[in-house]
There are 4 protein chains.
Amino acid sequence: MAIRTGQEYIQSLRGRNLKVYLFGELVKEPVDHPMIRPSINAVAETYDLAVREEELAAPMSKISGKRVNRFLHIAESAQDLVLQNKMQRKLGQLTGTCFQRCVGMDALNSLHSVTFEIDEKYHTNYHKNLLDFIRKMQEENLVIGGAMTDVKGDRSKAPSEQIDEDLFLHVVKRTPEGVYVTGAKAHQTGCINSHWIIVMPTIRLLEKDKDWAIVGAIPVDAPGITYIYGRQSCDTRSMEEGDIDSGNSKFAGQEAMIIFDNVFIPNNLIFMNGEYEFAAMLVERFTCYHRRSYVCKTGLGDVLIGAAAAIADYNGIPDVSHIRDKLVEMTHLNESIYAAGISSSYQAQEMKSGVWLNDDMLANVCKHNVTRFPYEISRLAQDIAGGIVVTMPSEKDFRHPVTGPLLKKYLAGRKGVDVENRMRILRLIENMTLGRNAVGYLTESMHGAGSPQAQRIQIARQMQLGYKKKLAKSLANVKEDAEDTPENSDYFKRVFKLR
Amino acid sequence: MAIRTGQEYIQSLRGRNLKVYLFGELVKEPVDHPMIRPSINAVAETYDLAVREEELAAPMSKISGKRVNRFLHIAESAQDLVLQNKMQRKLGQLTGTCFQRCVGMDALNSLHSVTFEIDEKYHTNYHKNLLDFIRKMQEENLVIGGAMTDVKGDRSKAPSEQIDEDLFLHVVKRTPEGVYVTGAKAHQTGCINSHWIIVMPTIRLLEKDKDWAIVGAIPVDAPGITYIYGRQSCDTRSMEEGDIDSGNSKFAGQEAMIIFDNVFIPNNLIFMNGEYEFAAMLVERFTCYHRRSYVCKTGLGDVLIGAAAAIADYNGIPDVSHIRDKLVEMTHLNESIYAAGISSSYQAQEMKSGVWLNDDMLANVCKHNVTRFPYEISRLAQDIAGGIVVTMPSEKDFRHPVTGPLLKKYLAGRKGVDVENRMRILRLIENMTLGRNAVGYLTESMHGAGSPQAQRIQIARQMQLGYKKKLAKSLANVKEDAEDTPENSDYFKRVFKLR
Amino acid sequence: MAIRTGQEYIQSLRGRNLKVYLFGELVKEPVDHPMIRPSINAVAETYDLAVREEELAAPMSKISGKRVNRFLHIAESAQDLVLQNKMQRKLGQLTGTCFQRCVGMDALNSLHSVTFEIDEKYHTNYHKNLLDFIRKMQEENLVIGGAMTDVKGDRSKAPSEQIDEDLFLHVVKRTPEGVYVTGAKAHQTGCINSHWIIVMPTIRLLEKDKDWAIVGAIPVDAPGITYIYGRQSCDTRSMEEGDIDSGNSKFAGQEAMIIFDNVFIPNNLIFMNGEYEFAAMLVERFTCYHRRSYVCKTGLGDVLIGAAAAIADYNGIPDVSHIRDKLVEMTHLNESIYAAGISSSYQAQEMKSGVWLNDDMLANVCKHNVTRFPYEISRLAQDIAGGIVVTMPSEKDFRHPVTGPLLKKYLAGRKGVDVENRMRILRLIENMTLGRNAVGYLTESMHGAGSPQAQRIQIARQMQLGYKKKLAKSLANVKEDAEDTPENSDYFKRVFKLR
Amino acid sequence: MAIRTGQEYIQSLRGRNLKVYLFGELVKEPVDHPMIRPSINAVAETYDLAVREEELAAPMSKISGKRVNRFLHIAESAQDLVLQNKMQRKLGQLTGTCFQRCVGMDALNSLHSVTFEIDEKYHTNYHKNLLDFIRKMQEENLVIGGAMTDVKGDRSKAPSEQIDEDLFLHVVKRTPEGVYVTGAKAHQTGCINSHWIIVMPTIRLLEKDKDWAIVGAIPVDAPGITYIYGRQSCDTRSMEEGDIDSGNSKFAGQEAMIIFDNVFIPNNLIFMNGEYEFAAMLVERFTCYHRRSYVCKTGLGDVLIGAAAAIADYNGIPDVSHIRDKLVEMTHLNESIYAAGISSSYQAQEMKSGVWLNDDMLANVCKHNVTRFPYEISRLAQDIAGGIVVTMPSEKDFRHPVTGPLLKKYLAGRKGVDVENRMRILRLIENMTLGRNAVGYLTESMHGAGSPQAQRIQIARQMQLGYKKKLAKSLANVKEDAEDTPENSDYFKRVFKLR
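Only a predicted model underlies this, so the values are computations on that prediction, with no experimental measurement involved.

Criteria and cut-off values
Residues numbered from 1 in each chain as written. Chains lettered and ligands numbered in written order. Predicted model: local features only at pLDDT ≥ 70, side-chain atom pairs only at ≥ 80, totals over all residues. Heavy atoms only, no water. Helix = DSSP H or I, 4+ residues; strand = E, 2+ residues; numbered from the N terminus. Rg over C-alpha atoms; globule rule 2.2 N^0.38 Å. Buried < 20%, exposed > 50% of the residue type's maximum accessible area, 1.4 Å probe, protein only. Contact = heavy atoms within 4.5 Å. Areas by Shrake-Rupley, 256 points an atom, 1.4 Å probe, with all protein chains shown as cover. Buried area = accessible area lost by both parts, 1.4 Å probe. Salt bridge = Lys/Arg side-chain N within 4 Å of Asp/Glu carboxyl O. Polar contact = N/O pair within 3.5 Å; in protein donor to acceptor, adjacent residues only side chain to side chain. Least-squares fit on C-alpha atoms with pLDDT ≥ 70 in both. Phe/Tyr/Trp six-rings, centres within 6.5 Å; stacked < 30°, edge-to-face > 60°. Pairing = 2+ DSSP bridges. Domains from an automatic or database assignment. UniProt positions renumbered as here; feature names shortened; annotations may be inferred. Disulfide = S-S within 2.5 Å. Axes fitted to C-alpha atoms, helices over the stretch in contact; angles between N-to-C directions. Expected span 1.5 Å × (residues − 1). Parallel < 35°, antiparallel > 145°, perpendicular 65-115°, else oblique. Nonpolar A, V, L, I, M, F, W, Y, C, P; charged D, E, K, R; others polar.

1. Overview of the overall build of chain A
Point 1. Within chain A, the regular secondary structure consists of 18 helices and 12 strands.
Point 2. Against the 2.2 N^0.38 benchmark of 23 Å for 499 residues, chain A shows a C-alpha radius of gyration of 24 Å, consistent with a compact globule.
Point 3. Counting only C-alpha atoms and orienting by the principal axes, one finds that chain A spans roughly 75 × 70 × 50 Å.
Point 4. Burial status across chain A gives 72% buried among its 499 residues.
Point 5. Within chain A, contacts between residues separated by at least 24 positions form 77% of all contacts whose residues are at least 6 apart in sequence.
Point 6. For chain A, the accessible surface area stands at approximately 14,900 Å², while carbon and sulfur atoms represent 51% of it.

2. Notes on the interface of chain B and chain D
Point 1. Chain B puts 81 residues into the contact, and the matching count from chain D is 81 residues.
Point 2. Both faces combined, the contact of chain B with chain D buries some 6,400 Å², and carbon together with sulfur accounts for 61% of it.
Point 3. Area buried by chain B at its contact with chain D is led by Arg231, Arg379 and Tyr410 of chain B, which between them contribute 13% of it.
Point 4. Salt-bridge contacts for Arg231 of chain D lead to Glu240 of chain B; the nearest nitrogen and oxygen are separated by 2.7 Å.
Point 5. There are 34 residue pairs in polar contact (both at pLDDT 80 or more) connecting chain B and chain D.

3. Considering the relation of the copies chain B and chain D
Point 1. Mapping chain B onto chain D calls for a screw motion: a turn of 180° about the axis and a shift of 0.0 Å along it, with 0.0 Å RMSD after fitting. Considering both components of the superposition, the chain copies are consistent with a two-fold axis.
Point 2. A high fraction, 100%, of the interface residues of chain B reappear at the interface in chain D, so the copies pair face to face through one surface.

4. Focus: the packing of aromatic side chains
All names here are of chain A.
Point 1. Taken as a whole and assessed by the stated rule, the structure comprises 38 aromatic pairs over all chains.
Point 2. The interplanar angle of 75° and the centroid separation of 5.4 Å between the aromatic rings of Phe133 and Trp196 together place this pair among those described as edge-to-face. One end of the pair, Phe133, is in helix H6 (residues 126-140); the other, Trp196, is in strand S6 (residues 196-199), and 63 residues separate them in sequence. The same class applies to Phe133 as to Trp196, namely buried.

5. A few points about the pattern of salt bridges
Point 1. By the definition in use, this model includes 168 salt bridges over all chains.
Point 2. Glu420 of chain B is the salt-bridge partner of Arg399 of chain B, the closest N and O atoms lying 3.2 Å from each other. On the criterion of sequence distance, the pair formed by Arg399 of chain B in helix H12 (residues 395-399) and Glu420 of chain B in helix H14 (residues 419-433) is long-range, its members being 21 residues apart.
Point 3. Taking relative accessible area as the criterion, Arg399 of chain B reaches 46% and is therefore assigned partly exposed.
Point 4. A salt bridge links Asp302 of chain D to Arg89 of chain D, with the shortest nitrogen-to-oxygen separation between them at 2.9 Å. Linking Asp302 of chain D in helix H8 (residues 296-314) with Arg89 of chain D in helix H4 (residues 78-95), this pair joins segments that are 213 residues apart in sequence. In terms of burial, Asp302 of chain D and Arg89 of chain D fall into one category: buried.

6. Points about the pairing of strand S8 (residues 225-229) of chain D
All names here are of chain D.
Point 1. Taking burial as the measure, the 5 residues of S8 include 5 buried ones, the bulk of the element.
Point 2. Judged by which residues are buried, S8 turns out to be covered on both faces: Ile225, Tyr227 and Tyr229 on one side and Thr226 and Ile228 on the other are all buried.
Point 3. Across 2 bridges, strand S1 (residues 20-22) lies against S8 in parallel orientation. By the bridge assignment, Tyr21 is partnered in S8 with Ile228.
Point 4. As judged from the 5 bridges shared by S8 and strand S9 (residues 255-266), these two strands associate in the antiparallel manner. Within S9, the position partnered with Ile225 by the bridge is Phe260.

7. Observations concerning the domain arrangement of chain A
Point 1. Taken domain by domain, chain A holds domain 1 (6-283), domain 2 (292-460) and domain 3 (464-496).
Point 2. Just the C-alpha atoms count here: the centres of domain 1 of chain A and domain 3 of chain A sit 41 Å apart.

8. A few points about the UniProt feature "domain: HpaB/PvcC/4-BUDH N-terminal" (unreviewed entry) in chain A
Point 1. The feature "domain: HpaB/PvcC/4-BUDH N-terminal" (unreviewed entry), as given by UniProt, occupies residues 5-272 of chain A in the numbering adopted here.
Point 2. As annotated, residues 5-272 of chain A has a helix share of 31% and a strand share of 21%, and its two end C-alpha atoms lie 33 Å apart.

9. Quick word on the state of the cysteines
Point 1. Taken as a whole, this structure holds 0 disulfides over all chains when the rule is applied.
Point 2. Left without a disulfide partner, Cys98 of chain D is nearest to the cysteine sulfur of Cys296 of chain D, which lies 6.4 Å away.

10. Considering the sheet that holds strand S6 (residues 196-199) of chain B
Residue and element names in this part refer to chain B.
Point 1. Spatially, S3-S6-S7-S10 is the arrangement adopted by the 4 strands of the open sheet, whose pairing is mixed. Across the chains shown, the open sheet's two edge strands, defined by having one partner strand only, are strand S3 (144-147) and strand S10 (270-273). Along the sheet, successive strands turn relative to each other by an average axial angle of 20°, direction set aside.
Point 2. Taken together, the 3 bridges between strand S7 (residues 214-219) and S10 define a ladder with antiparallel strand orientation. Directly across from Gly216, in S10, lies its bridge partner Ile270.
Point 3. Relative to S10, helix H6 (residues 126-140) is tilted by about 150°, and along the sheet it contacts S3, S6, S7 and S10.

11. Digging into H4 of chain D
Residues and elements named next belong to chain D.
Point 1. Relative to the 26 Å expected for 18 residues at 1.5 Å per residue, H4 spans 26 Å between its end C-alpha atoms, a close match to the ideal helical length.
Point 2. The buried count for H4 comes to 16 of 18 residues, which makes it a mostly enclosed element.
Point 3. Backbone geometry just downstream of H4 places Gly96 in the positive-phi region, at approximately 65°.

12. Considerations on the side chain of Thr226 of chain A
Point 1. Relative to the elements of secondary structure, Thr226 of chain A occurs in strand S8 (residues 225-229).
Point 2. Exposure remark for Thr226 of chain A: the relative accessible area of 7% places this residue in the buried category.
Point 3. Contacts of Thr226 of chain A, omitting those with residues within four sequence positions, involve Lys19, Tyr21, Met257, Ile258 and Ile259 of chain A together with Leu406 of chain C.

13. Digging into unusual backbone geometry
Point 1. Unusually for a residue other than glycine, Asn477 of chain B sits at a positive phi of about 55°.
Point 2. The residue Asn477 of chain B is located in the loop between helix H17 (465-475) and helix H18 (491-495) in this model.
Point 3. Residue classification places Asn477 of chain B among the partly exposed residues on the basis of a relative accessible area of 22%.
Point 4. Even without glycine at this site, His187 of chain C takes up a positive phi of about 50°.
Point 5. With respect to the helices, strands and loops of the structure, His187 of chain C is situated in strand S5 (residues 178-189).
Point 6. Among the residues examined, His187 of chain C registers a relative accessible area of 27% and is labelled partly exposed.

14. Quick notes on the interface of chain B and chain A
Where the parts come together, the accessible area they lose is often given as the size of the interface.
Point 1. Contact residues are listed per partner, giving 77 residues for chain B and 77 residues for chain A.
Point 2. Both faces considered, chain B and chain A share a buried interface measuring about 6,700 Å² in area, 61% of it formed by carbon and sulfur atoms.
Point 3. Across the contact surface, chain B and chain A share 8 salt bridges.
Point 4. With a shortest N-O distance of 3.0 Å, Glu329 of chain A and Arg456 of chain B are connected by a salt bridge.

15. Focus on the packing of helix H9 (residues 321-346) of chain C against helix H10 (residues 360-370) of chain D
Point 1. Close contact between H9 of chain C and H10 of chain D brings their axes to 10 Å; oriented N to C, the two are set at 105°. Relative to H10 of chain D, the element H9 of chain C is oriented roughly perpendicular. Where H9 of chain C abuts H10 of chain D, its residues Thr331, His332, Glu335, Ser336, Tyr338 and Ala339 of chain C lie against Met361, Leu362, Val365, His368 and Asn369 of chain D.
Point 2. Looking at the contact of H9 of chain C with H10 of chain D residue by residue, the classes come out as 5 nonpolar, 5 polar and 1 charged.

In structure tokens form, the structure reads like this:
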């Protein structure tokens, strides 16, 4: 029976045998843990949206022949990629946080073409394995987490060169039925609230790194897996009474470290196994999808702009010119991110396997702006909010018989504004700029899908200086100049493609 | 007989009876004036491109039923708008300057829907007039300049409030055959090298401004028109011997002031006449197209990035990390502009008249980035170029028997680099960052299609703070708050349109 | 007996009768409250520094004729102001947080000249009152908090226009012995750990606001005062076991709302009483000192740059060029702040009362950079730190028998780096960019001593456009132009003062 | 007889036997060449200022025992360095361009300590030579140019490794009376209008580069010297009739390439000869002075801000909030530069030779901001100016009987504004942002005294990461960490110096 609603999804997570550690204790039932629950709520919203807005979030899939959640859908057109972005922005608006399902979606889509191309070269069976897996996921409507980022140890060394081989996840044993893997994946958003995890290598591999070239699907509760839950700024506010101080009491993100100790992957769930030269291709295509998925942050930006506008209104100065101007600047930056994402999706191309891949240059441009603009939007939101955003007393003081009335008296804004509402909006701004969802809105915007330098490297690879030098030399009448070596990027082919 | 090639176009400009003043003299034949010719060459390139790359630059038109130059084409789909952008970038790459035809294209497209909607309200005949005019232009393949920007006088006053009524172009006499107009249009790019000019109001008009609500087509050599050619930085270098010091000897832009003294427009060439309340709509739609047309500057950016890469190579340090990093930054900024333009074109909608209009918010975001990023790209280009970009002796010194050999000896770069080539690239960088084409790449990027504040106003109109406040209040559990007044923007409807 | 050391200072705070509310409870002994204590430690450091580095932090005072803590010292020269800045940077380095004593210092210094000038006009006795008070403070070596920021209510209305008169602190009763005041001061750094508070008006006042024109000194435990402690990001981590997760376990800032209910000020402790026209002067001089006091943030910047450098080293990539370049950028921004502060102090002038006042334009420039650069430094620190800065499990997990060893294995950096040390530095970066001290390093940098717009207004007042227009007109040979109205700023007089 | 006034100075330049090439011709009398004269006028202003404002520009010198022009003065205190900055800002305001004498001043000051320290090591006589030379210069009141920047050839190679040894100036012959040097110096501001030139090496030298380690004084008209005048943007406008189009008709900068062909330097004018290890010291101290000398650009900034304010006024919108806000931003950036310069001068230290050297870190911070902020100030000036700044017709059209009246009619601004005045201010803005003085205000700001990367390297050398890491580790309770290697910078010693 397929899961349909958010409620059914939450129900499906109960009673699993997950080993999750948090604050030095094994968590009994993650679903009921007040610090974990908001991240589950965020994923639940991805189910409810698919019910409410089918066209946006539940397209028809050629694979299963039925409507499926878009997070499980393989992009069949550029338009499909554009609609991913629109869904991402919508969910960002609805949750104000990371809803944690993009990694899985982007993993499936990138594996679609990569497995096809491995099979083409080696006559392996990975693409069929993948399609079977996708079909099953679509039919049961499950959540897939993608686990890519290894813990990495010494950043200047390759996987096989590390003192401890396990610092990158790798195959430790091979049997006729499958393989056993050991290692750890860091910063895993949306793992404890997933049903399945796909492990993938995180960097370009060489022949000596063959055992690290493993991709496969694993149930989240497979034997040998341990989760250690990551701390977030202000995380324990979710465990306090009341719903004001947390800022966004319903939704939050989740990051855990996943430790794999001899975890089994059967043959039919393996999508790469030793074909090390395809690791780079997988990483590049995955990050190509994923860097553009950061359009989700424009949804969060919409929320934060709204919060800033609301507090200016509560303070009685919504139309002061410098406030207005800052709201315009926030909007401008936010839409600059959106524009880069949409254009990347739109400027997509079809891969041999039939899946569509968005434009890589523009995806990197999108993500690179995401490593800058949310910080500036956040700074401007704090500017508009005023100092009270970090000095406001607790909800408990607000509910207290002595201090409550004092706070209601002295935190008054313009006439007619309810003080509690003012506090709520201030706490939301704190939440998104310093607190729990600042983790997602800021730091994850910096490092998710690759840190800024990773985008710069990828932009450098595609900037086609040779082509551009020719343009300049032609206009400057430079003659008989040495030819540049041919470039391996086809960015301008895509730019000038007429379709 | 339709014009086909650039050469034929240049021929078509000869022997007209234009009154053009430059440096206090009447210009005999603008085509042969060394300071004017580069701007004519740039337009000629728009003809040659249409011959060479039909798909890109010469689409089929429903109006004339034949292939036409894209600058005369009415957009029949979002894809048509995207292709405008691609053609604009290509022409920017080929000319390194403003090719001066976008205003005409954007004027025709915006008038298509506006005339349709005036007719709908007033049962006038403007739309048919316009279609007839377009058909004729397509058949003869002519260049149209759009003349919008009035000289404006006191910026704090409306047209009818100015001390001198002529400070905004207006109807001074009406006859059964048509109207007579007087006034002046400033900063007109591509007028002297056009065949026709369309005059349009430049701001929102009130009832008392009725006489200023005039739109019509006028041949460039109509009686009563005087052109005064504008100076550009380093303009006279085009009049010197040699081709190095001008930096880009073949191509440049052109701006003139056009003075209309009782110029006649016959009825069949009038597209608005007194319907003052449609002036704002025309301005908004025109700037919507035109602000996204600034994608052309990414073509210039490509040239400048190429020039910077070339000079780094000539200096022997192409792979130094800070040089590389600056080239990446330049590329990132350049593609951020492109992305905003493309996404605006793609997120288009069909108007009642059948023409497609690109997204207004994203068009403003595009142009607003254009008022910032080319300045930073230019700054980085100067950084990479080194001080020699502004201290290099003249070509004449380079050709001189005494100083020539000294310069060849002392301006040597890395081994194997021809000194003249190095000089040429440096002059191109000077040309684009301080010289003649800096006018187009920088200052026109600032003010063309509206100064930065105009974009901020337009972004403010569409930022839907009410919608965003609701998102924030929902997540912060704000209850029973006063409702905001409804907003007149439909930006988020377009964002979440599923097509 | 004067307090000497930090320990003696802490002892002096015990057993007072303070009414402090926190999380809905009356705090028994603030000194022993784990969430409050770090802010007390920070102030204690200001005592210990004065013991360790007399020249820097304990100058000779003309008032008491002895060495006093610099925070109680009246600046007797420009050099004294410079040394304030140096002490502030040092304390920022030592504590990594706001040490909370600058407000008091800047209040005393600004009152020195303002009381003198009121007396001069009205033959009042305020200056003597102030000198007596300062002498007493110096002799006992006490901590003074300055309470300026009222809660303000509707930001578009003056004090006397508010619905509730108490939204700005004001005199509610006058007796022969003194006055009684009611109201509330928000965001009070360093009040609970002070011995005395000086209340001051927060904005320009008009005649109708006379009752709001009150300045006086009050013991922190005076009858009628209630403190409500403000929440900070991650505040409760100080209440958890262990010392890692808090990031900076020893030092933090403190903000509380202070509510005054009919609090008495005797005549000899009153420094302004109804002379409303001097409120603006006091605010301007206070903010002039205080905006330059934000040089302290460069000390925090030093810590954060050091933390970023340390984590890069632990990760094995201290010399990668982009990391290096980011550390340079952080340093450049940090020193730009320092430079503005020092130059403001150096370009000081002597006031009629004998106190020295630093340059106001440069003080505003200093603070305005503080509202920008720490955010960028913080962003770059997060960039260098990597995603682990927000996803790292808790210290409890690190101490747990199952998860501890896993974390030690998988959070390894380069060879030889202790994992716990790596965690500690990451937590410090979290602390300063999102956590408890981000409140001081970021949001207080934004709003303390006035929000950005307040600096812009003050810069506008002093920018002497008339003077500058004359320079331009002279070079452009503009003749017979209308004279500008005379300007009331003397900034350029100070710039060109020869001393 | 000492020169006194600007007029006398100009007279002193006549009739020399200089070989100056410009546009492929030998210039007969540079003083009377319309393109060269404005740069001579700028230097003349340095004489007149010394007459008008003795305290600022003509201090008492210990060397000659008399009042001397500050450009010939050796700094005897930190205050002397501060006053250099104030004089520089003043001259920037008065000329709106580079007045070309700072290189000489900074060369003399840096040689003062370097010659002293060479003598100390090698018992040479350089310091006495230098003092004699300075005394003579002071007595005759002459202009000294400093020639440092070699043409450099392949930037990746040392002087002795270049294909052509002459690409760095070096000794080609030694006789008992002195040495002969050959080579070329690029971008020499203020050489043709100097009386003497001091040649200096431009980079760190190794033992094999010994012959390149030469410093000495040479009369500008010494046999063997050839000057080739560099082109500047819009340079030939100075040769046109009228005084409007040039923007700043009186003042401009000057850059020439100086070619030395076997030029003789007698022993008593040699200040370094083979002591290669002191080349780096000289470059560092010279750039330390010189990077702070860029405070001059704040004077140009004052002019440009004034011009922007004037044009806003002429357009009728001086008080529109976004205009006002941009003027504030321009001022803020301009004063941020000033602050860094002043603080560097103030935080100076005395050298062994008795000369004072400003703070190196802050000097680099100052110059680094100069490579950024003038570009942004310039961008904002263009924003305020409007498009007319680059499209305005020529002065000749303005004087023409047909077009003149048309332009006066149609370029009207607000009531009462003279159109010619409006044109003049627009041309000044063009001059400073694109034209002749943009060369000095922008590109020279970028590359003069070292390109941005040179400052970053110097900041990196002094950022004391080891010291800062210790601060961070102390606060994070990091224990038993490996010690960092000791650092060779003493920046923080200077910061915390108590004087």
